[in-house]
Amino acid sequence: MMRGKWMPSVLLALLAATALADDAIARRTGYLEQLRRLLPESKAWTGWIEESGELPPDFEAMPASAALPDPLERDGARITTPEAWAEHRETLKALLAQWVIGTAPPTPDHIEAAVLEEWREEGCTVREVELRFGPEHRARLWCEVMVPDGDGPFPVFMTQHNHRAWALIALQRGYLACVYAGADTRDDTDTFLEAYPGYDWSRLTRRAWAAGRCIDYLETVPQADARRVAITGHSRNGKQSLIASALDERFAAVISSSSGAGGSMPTRLYSEQQYGEGIEFITRNFPEWFHPRWRFFVGHEDRLPVDLHTPVALSAPRPCLISTALNDNVDSVWAGEQAYHAVKPVYALFGAEDKLRILYRPGGHETWPTVIERYIDWCDAQFGRGAYAFPERLIHPYDWETWRARARTAPDPAAYPERTIDELMHDMWAGHSARESFPEYRDEIRAHVRALLGSPPPKAANPGGDYGKEPAHIETLLNRAVPGARLQKQDLVFGEYINADVYAPHKLDLETGRAPAVLWLHPVSCARGYVMGYRRGEHPFATVARAGFAVFCYDQIGFGRRIEEVEGFYDRYPDWSLLGKMVRDARSALDVLCALPYVDASKVYVVGYGLGAMVGLHLCALDDRPAGLLALSPPTPFRAEDGLRRWSRDWLLAPQLGCFLGREQRLPYDIPSLVTACAPKPVALVTAQLDWDSPPAHAAGVLEAARPVYALFDADEALVHLVPEDYNRFDEAMQAVVVDWLRRLE
Ligand code: GTR
């Protein structure tokens, strides 16, 4: 009897499980088809998919998080001891291998070293060595060691073949220098593939693992202090240096030099939506560097179980210096600092907070001797060889509690009633539901917005001029010297001494023409401000200008030319907000833009992307001059999950809003309020289908909530939601969406 009952329930359970598994397969197949539709062709990737038969993971079943995963969180609990971390570290390593870098073999047992050549130079001996290891010693690695005269043992400075000149500086500083054939200029790591056929490691992982073989060898060299080995490399070699340090704890220090995407830049925070090098770019241009599985996450970056702050976390508590340049387009100052804050607690677990530092240098992606001397200062400081100071320098304000302690005024959520978005919209609108009373309604919203942007310091108008124009070398650094074909560019200075570039079609007569115009508000874009650091095709501002618009572009505070202006902002203006400053700058831009002789001031549109959309919404709510707003990847409602934290606490854009964290229902305005304050002007929200930062459903909700106000003006059609099948990027297809909307208004 038991049996009779038992059988059907097992069968049912089996059937249900099979149906679920089928659903998951169908979803995963769907993701793959969509990726193949959206992503530019990568033959290497397609080949891998065909060969391996792999499908993307079931994203729906993976936890989503816009914030960086906390390295100290395990199954919802927090790790509080070094012992627990040691265990968790292995899990993170395995996840990193699985999703991003592939798996490397264990340390080989026995390594053979044959000296190829040895010679004397000034105060040192130089030796070229061939290492052989692995099954039947089939794997091979060339390296060169430069040993200072004397007994040693000397600390070791290790880097890749192409950075030999860096090694010479280290030698000059008394290090045993070691360079190995794990670089584009000399790479022996293909021999590893033959020796270890069962591993799916990518090229950078092989190179990183090669560095460990050099330590194996150095452990046999009496003049080498194998307990004091530092590894470094630049850019792609910065990536491999971090991987080396993550994989092999014998590295006593690591310096990641402008390592960028797949290095120290987390994918969630440094991608195409931040004008950086996203997964799509890097896995297509350099298909061998990482595991092809990583490419599945384009458009689903928020599902990555480990992000690229993990190799730094895995280096804790060993010294790690993250070196970058302020205008380095391979990196992002903002994303780097966010990653730093995310990893710091791991170092804190060991009381080793000062072992993690960011080192800024001026300029772009390049390095020069001063920079390398600083790297060696860092090694000296860590190895007890010199008291070099590496004070913590952070550019973007981060610490909300400090802001709160200093601000003389801050909003009090208790002063406002608790309301859902619907209640908020309804209550505020209820008193004014006639066209004539709209200005009162709008003024009420404006008053709330102004109050939450903090107290602005004094301001007098600037009609614009050209004193202080961007000099040519800065234009070159920020990649905006040449306006490009069929365009002309005017440089000017506006507001509080801010540089702007106006791009216009070359046929527009600047004295007699009258063109519609666009105020362009860029997203988080550290290295180059309004110009993309990485791009496919044309720049958005150029596309729009070619379509017949005068496009007013400038770097917002904290980006491009103005990167350092954000540092210490709240020391200077404790009661104001960065968002308030950004809106002020945008309004000053309108002062000048609307007065340009070749601009039709009745046709000035605002186009903002990401952060720029946030600024644009506030600008248009406060200022009557724009004729319309297009917001790409707009902010989600503050009342939505995680809608407030990013703007207010993770990054002090509007710290006043942070007072409402956990009490969002008391906010006296929300994103739909901003839209309604623009009524009846056209407002378009553009959210790519795969935009996890600004999901289409939220934008749809915002417009829905705003519709009753627009209906009063019979302007329902002015509110538009565009949802291209895409991920969050501003490529030419997305630019066409923008141009199309602008043209329709024309
Ligand atoms: C770039 C790549 C960067 C960086 C750089 C380099 O093209 O996009 O991530 O690795 O190469 O290594 O110089």
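On a predicted model such as this, the values are computed, not experimentally measured, just so you know. (Residues numbered from 1 in each chain as written. Predicted model: local features only at pLDDT ≥ 70, side-chain atom pairs only at ≥ 80, totals over all residues. Heavy atoms only, no water.)

Before going further, it helps to examine the site of the ligand. S235, R236, K239, E277, I282, F286, W289, H365 and Y534 make up every residue found near the ligand. Within the side chain of E277, a nitrogen or oxygen atom sits 2.3 Å from an oxygen atom of the ligand. One nitrogen or oxygen atom from the side chain of Y534 is found 2.9 Å from an oxygen atom belonging to the ligand. Considered on its own, the ligand offers 320 Å² of accessible surface; in the complex 80% of this is hidden by protein. For the shell around the ligand, a count of residues per class yields 4 nonpolar, 2 polar and 3 charged. (Near = heavy atom within 4 Å. Polar contact = N/O pair within 3.5 Å; in protein donor to acceptor, adjacent residues only side chain to side chain. Areas by Shrake-Rupley, 256 points an atom, 1.4 Å probe, with all protein chains shown as cover. Nonpolar A, V, L, I, M, F, W, Y, C, P; charged D, E, K, R; others polar.)

So, on to the pattern of salt bridges. Charged atoms that come close allow side chains of opposite charge to pair. Considering all chains together, one arrives at 74 salt bridges under this definition. Across the pair E54 and R293 runs a salt bridge, and its minimum N-O distance is 2.6 Å. Residue E54 is located in the loop between helix 2 (43-52) and strand 1 (73-74), and its partner R293 is located in the loop between helix 8 (279-285) and helix 9 (310-315); the two are separated by 239 residues in the primary sequence. Via salt bridges that share partners, D184, D187, D190, R203, R206, R207, R236 and E288 belong to a single interconnected network. (Salt bridge = Lys/Arg side-chain N within 4 Å of Asp/Glu carboxyl O. Helix = DSSP H or I, 4+ residues; strand = E, 2+ residues; numbered from the N terminus.)

Turning our eyes to something else, we now look at unusual backbone geometry. The linkage connecting A316 with the following residue, P317, adopts the cis geometry, with an omega of 0 degrees. For P317, the location among the structural elements is in the loop between helix 9 and strand 12 (320-325). Of note, the bond from A679 into P680 is cis; its omega dihedral lies within 30 degrees of zero at 0 degrees. At R486, a position not held by glycine, the phi torsion is positive, near 60 degrees. Counting through the fold element by element, R486 comes out in the loop between helix 15 (472-477) and strand 14 (487-494). Judged by relative accessible area, which is 53%, R486 ranks as exposed. A positive phi angle, near 65 degrees, is found at D642, a position not held by glycine. Checked against the element boundaries, D642 lands in the loop between strand 19 (628-632) and helix 20 (645-648). Judged by relative accessible area, D642 falls into the partly exposed class, the value being 33%. (Buried < 20%, exposed > 50% of the residue type's maximum accessible area, 1.4 Å probe, protein only.)

Inspection of the secondary structure puts Y554 in strand 17 (residues 550-554). For Y554, a relative accessible area of 1% translates into the label buried. Measuring from C-alpha to C-alpha, the distance between Y554 and A586 comes to 9.2 Å, with 32 residues separating the pair along the chain. A distance of 3.4 Å separates the side chain of Y554 from the backbone nitrogen of A586, its partner in a polar contact.

Our focus in this paragraph is the nonpolar core. M158, L218, L519, F552 and Y554 are the most contacted members of the largest nonpolar core, which has 204 residues in total. Considering each element in turn, this core owes the most residues, 10 residues, to helix 18 (residues 578-595). Mapped onto the domain boundaries, this core takes at least three residues apiece from domain 1 (111-382) and domain 2 (445-637 + 677-696 + 716-745). Among the nonpolar cores identified, the runner-up in size contains 33 residues, and Y530, Y609, F730 and V739 belong to it. (Core = buried A, V, L, I, M, F, W, Y, C linked by side-chain atoms within 4.5 Å. Domains from an automatic or database assignment.)

Before going further, it helps to spend a moment on the sheet that holds strand 14. Across the sheet, 8 strands lie side by side as 14-15-17-16-18-19-20-21; this open sheet has mixed pairing. Edge positions in the sheet fall to strand 14 and strand 21 (719-722), since each has one partner strand and no second. Within this sheet the neighbouring strands show an average axis-to-axis angle of 20 degrees, counted without direction. The pairing of strand 18 (residues 599-609) with strand 19 spans 5 bridges and is parallel. From the neighbouring strand, V607 faces strand 19, where its bridge partner is L630. Packed on one face of the sheet, helix 19 (residues 611-622) meets strand 16 (515-521), strand 18 and strand 19 and runs near 135 degrees to strand 18. Packed on one face of the sheet, helix 24 (residues 732-745) meets strand 16, strand 18, strand 19, strand 20 (683-686) and strand 21 and runs near 165 degrees to strand 19. (Pairing = 2+ DSSP bridges. Axes fitted to C-alpha atoms, helices over the stretch in contact; angles between N-to-C directions. Contact = heavy atoms within 4.5 Å.)

On to the domain arrangement of the chain. Domain annotation of the chain identifies domain 1 (111-382) and domain 2 (445-637 + 677-696 + 716-745). Here domain 1 and domain 2 have C-alpha centroids that lie 39 Å from each other. The partner domain 2 presents 29 residues to the 27 residues of domain 1 that form the contact. A buried area of about 2,400 Å², summed over both sides, lies between domain 1 and domain 2, and 61% of it is on carbon and sulfur atoms. Its largest share of buried area at the contact with domain 2, domain 1 owes to Q273, Y275 and N327, together 37% of the area lost on that side. For the interface between domain 1 and domain 2, the tally reads 2 salt bridges. Between R536 and E272 there is a salt bridge, with the nearest N and O atoms lying 3.0 Å from each other. Joining domain 1 to domain 2, the criterion identifies 11 residue pairs in polar contact (both at pLDDT 80 or more). The set of elements that each furnish at least two residues to the side of domain 1 that touches domain 2 consists of helix 8 and helix 10 (333-349). (Buried area = accessible area lost by both parts, 1.4 Å probe.)

Interhelical geometry of helix 14 (residues 438-452) versus helix 19 gives an angle of 130 degrees and a closest axis separation of 9 Å. In terms of their interaxial angle, helix 14 and helix 19 are classed as oblique. Pair helix 14 / helix 19 crosses with left-handed handedness. Mapping the contact onto sequence places R446, V449 and R450 in helix 14 and H618, A621 and L622 in helix 19. Residues belonging to the contact of helix 14 with helix 19 are distributed by class as follows: 3 nonpolar, 1 polar and 2 charged. (Parallel < 35°, antiparallel > 145°, perpendicular 65-115°, else oblique. Left-handed = near helix turned anticlockwise from the far one by under 90°.)

Moving on: the side chain of Q556. Position of Q556 relative to the elements: it lies in the loop between strand 17 and helix 17 (569-572). Residue classification places Q556 among the buried residues on the basis of a relative accessible area of 1%. Here Q556 is in contact with L521, H522, R562, M582, L611, G612 and V615, once residues within four sequence places are set aside.

Since the α-helix packs 3.6 residues into each turn, any two residues three or four apart lie on the same face. Counted at 1.5 Å a residue, the expected span for helix 23 (residues 696-712) with its 17 residues is 24 Å, and the 25 Å between its end C-alpha atoms agrees. The largest bend along helix 23 reaches roughly 40 degrees and is located at A706, with the proline P708 sitting one to four residues downstream. Burial in helix 23 covers these residues: P696, A699, V702, L703, A705, A706, R707, V709 and Y710. Elements that come into contact with the buried residues of helix 23 comprise helix 13 (421-430), helix 14, helix 22 (671-677), strand 20 and strand 21. Just beyond helix 23, the residue with positive phi is D714, at close to 50 degrees. (Expected span 1.5 Å × (residues − 1). Bend = angle between axes of the 7 residues up to and from the residue.)

Each regular strand displays side chains that alternate between the two surfaces of the sheet. For strand 18, the buried fraction is high: 8 of the 11 residues fall into the buried class. As judged from the 6 bridges shared by strand 16 and strand 18, these two strands associate in the parallel manner. In the strand pairing of strand 18, L521 is matched with G608. The parallel pair strand 18 and strand 19, bridged by helix 19, forms a crossover whose chirality is right-handed. (Right-handed = clockwise from strand over helix to strand, strands pointing away.)

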